[in-house]
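Okay, here's what each chain looks like letter by letter:
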Amino acid sequence: MTFMTVDSRTVSQAGEDAMVAAICQIIDPHNAEHAGLLLGPGDDAAVLSCTSGQPVLTTDTLSADQDYRRTWWEGRPMEEWPRDLGTKAAAQNLSDLNAMGATPIALLVSLTLPPEFTVQWVQDFYAGVVRACSQPGAMGCAVAGGDLGSGADMSVTITAVGEPHQPGRLLRRSGARPGDILGVCGRLGYAAAGLALLEQAVASADRGAGLEVQGAAAGLLAECLEAQKRPQPPLTAGAAALRAGATAGMDLSDGLLRDAGRLARASEVKITLDEAALNAEARSLEPVAQHCEGAPYSAASDWVVSGGEDFGLLATFPSPAELPEGFRIIGHVAETAPGESAGAVLPGWTGAPGWDSMRG
Ligand SMILES: Nc1ncnc2c1ncn2[C@@H]1O[C@H](COP(=O)(O)OP(=O)(O)OP(=O)(O)O)[C@@H](O)[C@H]1O
Ligand SMILES: Cc1ncc(C[n+]2csc(CCOP(=O)(O)O)c2C)c(N)n1
Ligand SMILES: [Mg+2]
């Protein structure tokens, strides 16, 4: 057994070449199992074997105070913050490939780091990336390379490359047809509930102390915190949806109502979300809402309908259809009435539709 020693040099003391070597210590053992990675870190670019000839590409960034706050990990073991960030940065990209019906092959990781960050921080971050690539649905995903830079604020950008599970068949936003049913796989509202808990803890005088909950709600609160800090998208759901004949799909990053509206507009249809189904989902989060001081009684519904970052899979299926395991019905698709615009509605809903990355 080998023991890794803690490397407390700062990244500026270590320098770029030593940093790449430190990163490779973490990712090489993981990459060794990936035959699709013909050439990994060390050259000017990586080389992948892409047998379908149809690479699928996506990219996403995490920024401080937009996507997370350093203070959320105050009082936690030191490695948790970088490890969780690595997992979240990778997961949000893997989720987009899943939503296309693609299997991930490789990630490129670009890090801008303040000079005082330690080598250990970076290694823990990559351990988090590797953790996300060790989940069912992502096990074929290597870490092919990236870029390192220094800057006043930390920022993480990951680019993911995948291949369609079935060459020529992708899960697009544009294929939903009138008469289809709308299904979802993965939790709804948990990440937003976690965000509310974390933001409440930041605002309170005793920071994280309010999160040390005992009793019946403890497990649920812990799940919500995890959903926000280190999400685990259902990465086998895209392939399952395609196998079941899904007509359209996308992942849920900006809130159910906003994202369903995008799918509806791309498909030129009307999607009606099922109030009773979503109320039932909201009820399961009420113990968390009760834990959020000053939260309006409707907070749990807000999380379910418009909370983002759940990274579940939304998909439409011809009716009647047997939904794949893990999916449940939350709405239906219809033609737009004459003069009506395509979009998604939730009858009676007057709250926000979701998150806008340009407005917050
Ligand atoms: N800066 C950009 N230049 C070109 N295309 C972009 C740019 N930003 C977004 N797009 C494209 O717009 C589409 C929607 O982007 P968006 O980031 O909302 O998708 P997403 O990755 O599913 O969302 P999220 O970032 O919430 O995960 C994608 O096809 C994306 O490639
Ligand atoms: C500090 C802090 N404030 C707010 C949020 C919520 N949030 C950030 S990005 C996003 C949607 C996806 O974004 P994008 O489309 O840019 O990928 C949501 C709901 C957070 N996680 N942390
Ligand atoms: Mg997406």
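None of the values given here were measured: they were computed from a predicted structure.

Peer 1: How would you sum up the overall build of the chain? Please name residues and give values.
Peer 2: Each helix and strand counted, the chain has 11 helices and 12 strands in total. The C-alpha atoms of the chain give 21 Å as radius of gyration, which agrees with the globular expectation for 360 residues (21 Å, within 12%). Considered along the principal axes of its C-alpha atoms, the chain spans approximately 65 × 55 × 35 Å. In the chain, which comprises 360 residues, the share counted as buried stands at 48%. Residue pairs at least 24 apart in sequence account for 86% of intrachain contacts in the chain once pairs closer than 6 positions are excluded. Accessible area of the chain: about 16600 Å², with a carbon and sulfur share of 51%. If the 23 positive side-chain charges of the chain are averaged to one point and the 43 negative ones to another, these points end up 4 Å apart.

Peer 1: Go over the coordination of the magnesium ion (ligand 3) with me, naming the residues and quoting the values.
Peer 2: Coordination of the magnesium ion (ligand 3) by the protein is provided by Asp96 (OD) and Asp251 (OD), with metal-donor distances spanning 2.0 to 2.1 Å. Residue aspartate 96 is located in helix α3 (residues 80-99), and its partner aspartate 251 is located in strand β8 (residues 248-251); the two are separated by 155 residues in the primary sequence.

Peer 1: Requested: an account of the site of ligand 2, with residues and values cited.
Peer 2: Of all residues adjacent to ligand 2, which total 16 residues, the nearest are Gln66, Asp67, Asp254, Glu309 and Trp355. Within the backbone of glutamine 66, a nitrogen or oxygen atom sits 3.3 Å from a nitrogen atom of ligand 2. One of the side-chain nitrogen or oxygen atoms of glutamate 309 is found 2.9 Å away from a nitrogen atom of ligand 2. Across the complex, the protein chains shield 87% of the 530 Å² of accessible surface that ligand 2 would expose by itself. Here ligand 2 is seated within the largest pocket. By residue class, the composition of the shell around ligand 2 is four nonpolar, five polar and seven charged. Inspection of the shell around ligand 2 shows a minimum of three residues originating in each of domain 1 (11-164) and domain 2 (181-345).

Peer 1: Describe the layout of surface pockets, and please don't skip the residues or the numbers.
Peer 2: One water molecule sets the probe size; rolling that probe over the atoms shows where empty space is left. Each pocket or cavity is described by its volume, and for the largest pocket that value is around 890 Å³. Around the largest pocket, the lining is made up of 32 residues, and of these Asp67, Ser253, Asp254, Glu309 and Trp355 lie nearest the centre. Looking at the lining of the largest pocket, the elements with two or more residues in it are β3 (56-63), α3, α5 (190-203), β8, α8 (256-267) and α11 (299-306). Tallying contributions element by element places α5 first for the lining of the largest pocket, with four residues. Each residue belonging to the lining of the largest pocket can be placed in one class, and the counts come to 10 nonpolar, nine polar and 13 charged.

Peer 1: Describe the pairing of strand β10 (residues 313-317), listing the residues and the values that go with them.
Peer 2: The element β10 is largely enclosed, with a buried count of five among its five residues. Taking every second residue as pointing to the same face, both faces of β10 are buried, with Leu313, Ala315 and Phe317 on one and Leu314 and Thr316 on the other. In the sheet, strand β7 (residues 181-185) pairs with β10 via five bridges, with the strands oriented antiparallel. In the strand pairing of β10, cysteine 185 is matched with leucine 313.

Peer 1: Run through the domain arrangement of the chain, naming residues and quoting values.
Peer 2: The domain architecture assigned to the chain consists of domain 1 (11-164) and domain 2 (181-345). The gap between the C-alpha centroids of domain 1 and domain 2 is 26 Å. Tallying the contact residues gives 24 residues for domain 1 and 25 residues for domain 2. Across the domain 1 to domain 2 interface the summed buried area is about 2000 Å²; carbon plus sulfur atoms make up 54%. In this structure, the connection of domain 1 to domain 2 is made through three salt bridges. Taking the shortest distance from any N to any O, the salt bridge between glutamate 309 and lysine 88 comes out at 2.8 Å. No other element matches the 11 residues that α3 contributes to the side of domain 1 that touches domain 2.

Peer 1: Kindly report on the site of ligand 1, identifying the contributing residues and their values.
Peer 2: The environment of ligand 1 is formed by Asp60, Asp96, Arg173, Asp251, Ser253 and Asp254. Here arginine 173 contributes a side-chain N or O atom positioned 3.2 Å from an oxygen atom of ligand 1. Aspartate 254 places a polar side-chain atom, nitrogen or oxygen, 3.3 Å from an oxygen atom of ligand 1. The class makeup of the residues in the shell around ligand 1 is no nonpolar, one polar and five charged.

Peer 1: Requested: an account of the packing of α3 against helix α4 (residues 119-132), with residues and values cited.
Peer 2: Their axes nearest at 6 Å, the elements α3 and α4 cross at an angle of 40°. Of the possible angle classes, the one that applies to α3 and α4 is oblique. Crossing handedness for the pair α3 and α4: right-handed. Along its contact with α3, which presents Trp81, Pro82, Arg83, Asp84, Leu85, Gly86, Thr87, Ala90, Ala91 and Leu94, the element α4 presents Trp121, Asp124, Phe125, Ala127, Gly128, Val129, Arg131 and Ala132. Residues of the contact of α3 with α4, tallied by class, amount to 11 nonpolar, three polar and four charged.

Reading the values: rules and limits
- Residues numbered from 1 in each chain as written.
- Chains lettered and ligands numbered in written order.
- Predicted model: local features only at pLDDT ≥ 70, side-chain atom pairs only at ≥ 80, totals over all residues.
- Heavy atoms only, no water.
- Helix = DSSP H or I, 4+ residues; strand = E, 2+ residues; numbered from the N terminus.
- Rg over C-alpha atoms; globule rule 2.2 N^0.38 Å.
- Buried < 20%, exposed > 50% of the residue type's maximum accessible area, 1.4 Å probe, protein only.
- Contact = heavy atoms within 4.5 Å.
- Areas by Shrake-Rupley, 256 points an atom, 1.4 Å probe, with all protein chains shown as cover.
- Lys, Arg positive; Asp, Glu negative; His and termini not counted.
- Charge placed at Lys NZ, Arg CZ, Asp CG, Glu CD.
- Donors = N, O, S within 2.8 Å, 3.2 Å for Na, K, Ca; no water.
- Near = heavy atom within 4 Å.
- Polar contact = N/O pair within 3.5 Å; in protein donor to acceptor, adjacent residues only side chain to side chain.
- 1 Å grid on protein atoms, 1.4 Å probe; cavity = no way out; pocket = protein on both sides within 12 Å on 5 of 7 lines; lining within 4 Å.
- Sits in = over half its atoms within 2 Å of the grid points.
- Nonpolar A, V, L, I, M, F, W, Y, C, P; charged D, E, K, R; others polar.
- Domains from an automatic or database assignment.
- Points joined across faces, edges and corners; volume = space filled by probe spheres on them.
- Pairing = 2+ DSSP bridges.
- Buried area = accessible area lost by both parts, 1.4 Å probe.
- Salt bridge = Lys/Arg side-chain N within 4 Å of Asp/Glu carboxyl O.
- Axes fitted to C-alpha atoms, helices over the stretch in contact; angles between N-to-C directions.
- Parallel < 35°, antiparallel > 145°, perpendicular 65-115°, else oblique.
- Left-handed = near helix turned anticlockwise from the far one by under 90°.

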